[in-house]
Amino acid sequence: MPAFVLVVIVLAVFFLGYRFYSSYLAKRIYALDPDFETPANAQRDGVDYVPTPKSVLLGHHFTSVAGAAPIVGPAIAVYWGWLPALAWVVLGSLFAAGVHDFGSLVVSVRNRGQNIGTLAGKVVTPRASTLFLIIIFFLLTLVNAVFGAVIAILFQSHPGAVIPTIVVIPIAIFIGQWAYRMGRAILIPSIIGLLLLYASIPLGQAYPVHIDSLANAIGLSGRTTWMLLIFAYTWIASRLPVWVLLQPRDYINGQQLLVALSAIFLGVLIGWEQITAPAVNANVAASAPHWFPFLFITIACGAISGFHCLVASGTTSRQLAKETDARLVGYGGALGEGSLALAAILACTAGLGSAGEWTSAYSGWGAASGGAVGHFVTGVGHFIANLGLPASVGATFAVVVTVTFAGTTMDTGIRLQRYILEEIVELAGIRALSGRINVLTTLAVAIPLALALIPGGGGKGYAFGHLWTLFGTTNQLTAGLALAVIGVWIMARGRNPLAALVPLVFLLLMTVYALVLNLGDFIAQGSWLLLFMDAAILALSVWLVIEAITAVNRERARARAPETDTK
């Protein structure tokens with residue numbers, strides 16, 4: 001089947017979804033008010049609360065939530081066949097992620113920019129806030145651990161991508177100073193910055209950065225050394241005001257997304273690439289997990305991701321200049337994520353060569369999960385070669401896109417983990433840590449780093465075969481609780497909550513089912529740490545179901561008139 005046919009169909013469906021369904025959500029469900037004073041204006045402090053143009057904020061929001069997840073998840077899931085993977089990406093983006101991301105942003109904006117964990121206690125039940133803090137802590141630990149492993153693996157295997165990845169940092173800092181300190185337009189400088197980033201790719205290939213000698217000198221592996229350097233960087237980046245590095249780099253990355261998707265889809269068209277992978281894989285190994293429910297857990301950010309509600313309510317809601325901008329930033333960002341997932345599916349089904357070459361690349365679950373990022377890089381390199389550039393340049397381009405997205409997500413993730421630790425410290429009454437920002441940031445870095453570095457933690461199979469599964473279940477559980485908050489908030493205002501409750505029920509069923517199946521696998525493997533984490537997440541899932549049912553029944557019983565939102 002011609003791959004470009006899928007591009008046209010999916011993008012057309014996404015356009016229709018944004019045009020009609022997001023309009024329905026904006027008017028009838030979330031009732032956006034252009035005159036509502038957003039937290040970015042009411043609580044402006046120049047650090048976290050900063051009114052931001054919607055085009056810049058869309059770049060921040062998308063690249064913060066994207067990371068490597070919409071690439072890795074679909075790149076693994078095509079093992080079961082491209083058709084079920086693509087179907088979930090499309091349906092999930094339209095009817096789950098769009099509702100979830102859009103709603104999380106609106107509910108937070110209507111509540112002074114409070115994060116979704118705090119809102120759970122206010123909207124659902126007081127116990128739900130504690131529940132959400134625990135779930136979020138698990139999720140952020142897994143996100144930062146896995147993405148740190150992704151970047152380390154790519155730097156080790158593609159040293160030519162190191163210099164372009166580093167180059168973007170001073171460029172972003174300069175643009176931040178240009179826009180915030182001088183109050184000047186960001187578009188032209190960001191385009192120049194993006195061109196400089198791409199111009200540095202040949203430089204990176206000419207001077208690849210190897211750290212083996214440094215690693216040998218300190219007695220560590222190259223991958224472990226990269227992880228230490230990466231997490232040290234995130235400590236510094238997460239302590240900077242958002243306008244210094246996070247916002248301008250996100251804006252550059254937002255433009256990079258458009259360039260990357262355009263290059264991939266154009267390469268597919270020019271080469272008239274054919275999908276060589278099976279629509280439904282009939283040769284799945286008996287030892288591999290079944291597609292039901294694990295397809296819906298493996299593809300997280302490409303369809304719906306609980307991490308998005310943390311970003312929407314943790315940083316994005318504090319930068320929204322006008323409430324009506326939430327439609328583009330929230331729902332539009334979800335469709336951008338789905339488009340990146342589409343590109344990943346095409347790279348891993350039409351970019352690896354013949355049907356025989358695809359079968360060799362996806363010979364088993366270990367090859368599918370462990371080689372996911374490599375398959376994406378190879379496929380994109382093949383598409384870029386159709387544009388007249390060397391495949392090696394295309395592969396480096398794909399690595400730079402993946403690493404810069406993952407790095408931005410880690411910057412945001414570490415920042416959010418510090419916020420959560422601050423709340424936990426306050427709730428627990430640990431005065432010795434209260435207000436100790438540097439200490440809390442160090443803990444936010446050290447905890448996921450330790451998980452990534454436990455025995456076997458540097459290996460591809462561990463990071464993507466085990467941690468990725470736990471990330472998926474925790475992620476979907478977080479999304480479920482966010483949808484519960486959104487659904488109850490909608491009901492309290494006398495509106496139809498089905499847009500939030502239908503994906504909520506589906507996610508909870510898939511998550512609980514997957515967690516139960518994982519318990520047996522971890523017991524058989526003797527993976528006691530993973531068993532403990534899985535059991536804890538399962539217990540939280542059951543708790544979530546009880547809290548959600550309680551809150552929904554409470555609102556149905558009250559049947560009260562719409563409330564007035566906090567101004």
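Above: the structure in question.
To start, this report covers the structure provided alongside it. Every value quoted in this text rests on a predicted model; they were computed, and no experiment measured them.

**Digging into the nonpolar core**
For step 1, the next point in the chain: Counting 198 residues, the largest nonpolar core has Tyr30, Leu346 and Tyr362 as the members making the most contacts within it.
For step 2, the next point in the chain: The leading source of residues in this core is helix H7 (residues 126-157), at 20 residues.
For step 3, the next point in the chain: Discounting chain neighbours no more than four positions away, the residues touching Leu346 are Ala3, Leu6, Val7, Phe265, Val268, Ile275, Gly351 and Phe383.

**Focus: the packing of aromatic side chains**
For step 1, the next point in the chain: This structure, assessed with the given rule, holds 19 aromatic pairs.
For step 2, the next point in the chain: Each ring, one from Tyr21 and one from Phe95, has its centre 5.3 Å from the other, and the planes form 65 degrees; the classification is edge-to-face. Here Tyr21, found in helix H1 (residues 3-29), pairs with Phe95, found in helix H5 (residues 82-109); they are 74 residues apart in sequence, far enough to count as distant.
For step 3, the next point in the chain: For Phe95, a relative accessible area of 42% corresponds to the partly exposed category.
For step 4, the next point in the chain: Geometrically, the ring pair formed by Phe62 and Phe405 is edge-to-face, given 6.0 Å between the ring centres and 85 degrees between the ring planes. Within this pair, whereas Phe62 is found in helix H3 (residues 54-66), its partner Phe405 is found in helix H19 (residues 391-428), the two being separated by 343 residues in sequence.

**Considering the environment of Glu337**
For step 1, the next point in the chain: Inspection of the secondary structure puts Glu337 in helix H15 (residues 326-349).
For step 2, the next point in the chain: The buried category is assigned to Glu337, whose relative accessible area is 0%.
For step 3, the next point in the chain: Taking the C-alpha atoms as reference, Glu337 lies 7.2 Å from Phe62; in sequence the two are 275 residues apart.
For step 4, the next point in the chain: In terms of polar contacts, Glu337 uses its side chain to reach the side chain of His308, at 3.0 Å.

**Let's talk about the environment of His158**
For step 1, the next point in the chain: Mapped onto the fold, His158 is located in the loop between H7 and helix H8 (162-181).
For step 2, the next point in the chain: Here His158 falls in the partly exposed class, since its relative accessible area comes to 25%.
For step 3, the next point in the chain: Remark: the alpha-carbon pair of His158 and Val311, spanning 153 residues in sequence, is separated by 29 Å.
For step 4, the next point in the chain: With residues near it in sequence (within four places) discarded, His158 still touches Val377 and Val399.

Conventions used here
- Position numbers for residues start from 1 in each chain and track the written sequence from start to end.
- Where local features are concerned, this predicted model is filtered to residues with pLDDT of at least 70; where side-chain atom pairs are given and counted, the filter is 80 or more; whole-chain, interface and lining totals use all residues.
- With hydrogens and water stripped out, all remaining heavy atoms of the structure feed into the side-chain values.
- Side-chain atoms within 4.5 Å are what join buried Ala, Val, Leu, Ile, Met, Phe, Trp, Tyr and Cys residues into a set we call a nonpolar core.
- With a 1.4 Å probe rolled over the protein chains alone, any residue whose accessible area is under 20% of its type maximum counts as buried; one over 50% counts as exposed, and the rest are partly exposed.
- Working definition: helices are DSSP H or I runs of at least four residues, strands are E runs of at least two. Numbering for both runs from the N terminus.
- Contacts are assigned to residue pairs with any non-hydrogen atoms lying within 4.5 Å of each other.
- Whether two aromatic rings pair depends on their centres lying within 6.5 Å, for rings of Phe, Tyr and Trp, where Trp uses its six-membered ring; planes under 30 degrees apart make the pair stacked, over 60 edge-to-face, and the rest tilted.
- Between N or O atoms, a polar contact is any pair within 3.5 Å; within protein, one atom must be a potential hydrogen donor and the other a potential acceptor, and residues adjacent in sequence are included only when both atoms are from side chains.

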